[in-house]
Amino acid sequence: MSLYLKLKKDKPAMLGIVIIIFFASIAVFAPYIAPHDPLELNLEERLLSPSVDHPMGTDNLGRDVLSRVLYGTRVSLSMSAAVVTIIMVLGITIGTVAGYFGGVVDDVTMRVVDVLLAFPSIILALVIAGLLGPSLTNVMIALGAIWWVGYSRIVRGSVLSIKEKEFVEAARAMGCSDTYIIRRHILPNVLSPVIVLATLDMGHIILSIAALSFLGLGAQPPIPEWGAMLNEGKPFMESASHLMIFPGLMIMITVLAFNFIGDGLRDALDPRMQEMLIK
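Residues numbered from 1 in each chain as written. Predicted model: local features only at pLDDT ≥ 70, side-chain atom pairs only at ≥ 80, totals over all residues. Heavy atoms only, no water.

(A) Spatial organisation of the confidence of the model for the protein chain. When pLDDT is averaged along the protein chain, the result is 87, and 95% of the positions lie at 70 or above. Scored below 50 in pLDDT, residues 273-279 shows three contacts in the model against residues more than four places distant or in partner chains. (pLDDT = per-residue confidence, 0-100. Contact = heavy atoms within 4.5 Å.)

Next up, the structure:
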């Protein structure tokens, strides 16, 4: 059964896919569907409640919240996708090299991984982002620099198992180079768990980006980003709660959608899960 047919039977996963496609469309077409300029100031209309002209109200500078939320979708999704790409490249490369070649390379790499795993990832990201200075680029670097360790450990474990298989031994006996064996036989067999982990991590990374922006280390004014919008709305939590409700809802829905997709992919790609369902 194809992956599509397996996911099609998983209603939460399909719901998550529909939501992410919808949000991705919003991110692409934000300039065309946003009713106002997200950076336009209008102090005469500051802190307006949701209305026909401003469905999500306005902020303390009179900017349309709906427009900023729509543009924030572009920032959050693109940033999280960039971070996931960085950590997948680092994790797969380092884990494959450590697992395949072993020896000193493996020992040194795994000790570094153990040290990094001993600390909460968000705390390390907070420290690195604080040292580099507040900006979305530095947040991306900070998250990418510490989040790869989980991927490298998973990939290393898979490579240690796969490199002992008969088809790998046969490739060595035929004189195939290490590069060819890794590219042709190792990588295709380690991608499934990495894809599942990356999908699940999209939600965590969106939360981390929003958290760092909320603390003032990520997106800087006037960039419309969900975490930064929460930070800007914090002083008006009681008088204009819509400033925090709508960005918070967008974060919650997006994270849930990626978790639904990740759970669906895990069930579809895990053979042991399929055996349990058959029994």
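What follows continues from the structure just given.
(B) Quick peek at the packing of aromatic side chains. Across all of its chains, the model carries two aromatic pairs by this definition. Between Tyr-100 and Phe-101, the ring centres sit 5.1 Å apart and the planes meet at 85 degrees, which makes this aromatic pair edge-to-face. (Phe/Tyr/Trp six-rings, centres within 6.5 Å; stacked < 30°, edge-to-face > 60°.)

(C) Highlighting the side chain of Arg-68. Here Arg-68 is to be found in helix α3 (residues 65-101). A polar side-chain atom of Arg-68 sits 2.9 Å from the main-chain carbonyl oxygen of Pro-38. Side-chain polar atoms of Arg-68 contact the backbone oxygen of Pro-222, separated by 3.3 Å. Not counting the four nearest positions on each side in its chain, Arg-68 is found in contact with Pro-38, Leu-39, Asp-59, Arg-63, Pro-222, Ile-223, Pro-224, Met-229 and Glu-232. (Helix = DSSP H or I, 4+ residues; strand = E, 2+ residues; numbered from the N terminus. Polar contact = N/O pair within 3.5 Å; in protein donor to acceptor, adjacent residues only side chain to side chain.)

(D) The arrangement of helix α8 (residues 178-214) in detail. Counted at 1.5 Å a residue, the expected span for α8 with its 37 residues is 54 Å, but the 46 Å between its end C-alpha atoms falls short. At Leu-187, α8 shows its maximal bend, which comes to roughly 45 degrees, and the proline Pro-188 appears one to four places after that position. Backbone geometry just after α8 places Gly-216 at a positive phi near 90 degrees. (Expected span 1.5 Å × (residues − 1). Bend = angle between axes of the 7 residues up to and from the residue.)

(E) A look at the packing of α8 against helix α9 (residues 226-233). It is at 7 Å that the axes of α8 and α9 come closest, and there the two elements cross at 35 degrees. Note that α8 runs across α9; the crossing there is right-handed. From α8, Ala-210, Ser-213 and Phe-214 reach across to α9, where they touch Gly-227, Ala-228, Leu-230 and Asn-231. The class makeup of the residues in the contact of α8 with α9 is four nonpolar, three polar and no charged. (Axes fitted to C-alpha atoms, helices over the stretch in contact; angles between N-to-C directions. Left-handed = near helix turned anticlockwise from the far one by under 90°. Nonpolar A, V, L, I, M, F, W, Y, C, P; charged D, E, K, R; others polar.)

(F) Region of interest: the side chain of Asp-59. In this fold, Asp-59 is placed in the loop between α2 (11-33) and α3. Residues within four places of Asp-59 in sequence aside, it is in contact with Arg-46, Leu-47, Val-65, Arg-68 and Leu-243.

(G) Inspection of the pattern of salt bridges at higher detail. Throughout the structure, instances matching the rule amount to nine salt bridges. Note that Arg-68 and Glu-232 form a salt bridge whose closest N and O atoms lie 3.6 Å from each other. Taken together, the residues span a long stretch of sequence, with Arg-68 in helix α3 and Glu-232 in helix α9 at a distance of 164 residues. Across the pair Asp-114 and Arg-111 runs a salt bridge, and its minimum N-O distance is 3.0 Å. Residue Asp-114 and its partner Arg-111 are both found in helix α4 (residues 103-117); the two are separated by three residues, about one turn of the helix. By relative accessible area, Asp-114 is classed as partly exposed at 31%. Arg-111 gets classed as partly exposed once you look at its relative accessible area, which sits at 47%. When salt bridges that share partners are traced, they join Asp-59, Arg-63, Arg-68 and Glu-232 into one network. (Salt bridge = Lys/Arg side-chain N within 4 Å of Asp/Glu carboxyl O. Buried < 20%, exposed > 50% of the residue type's maximum accessible area, 1.4 Å probe, protein only.)

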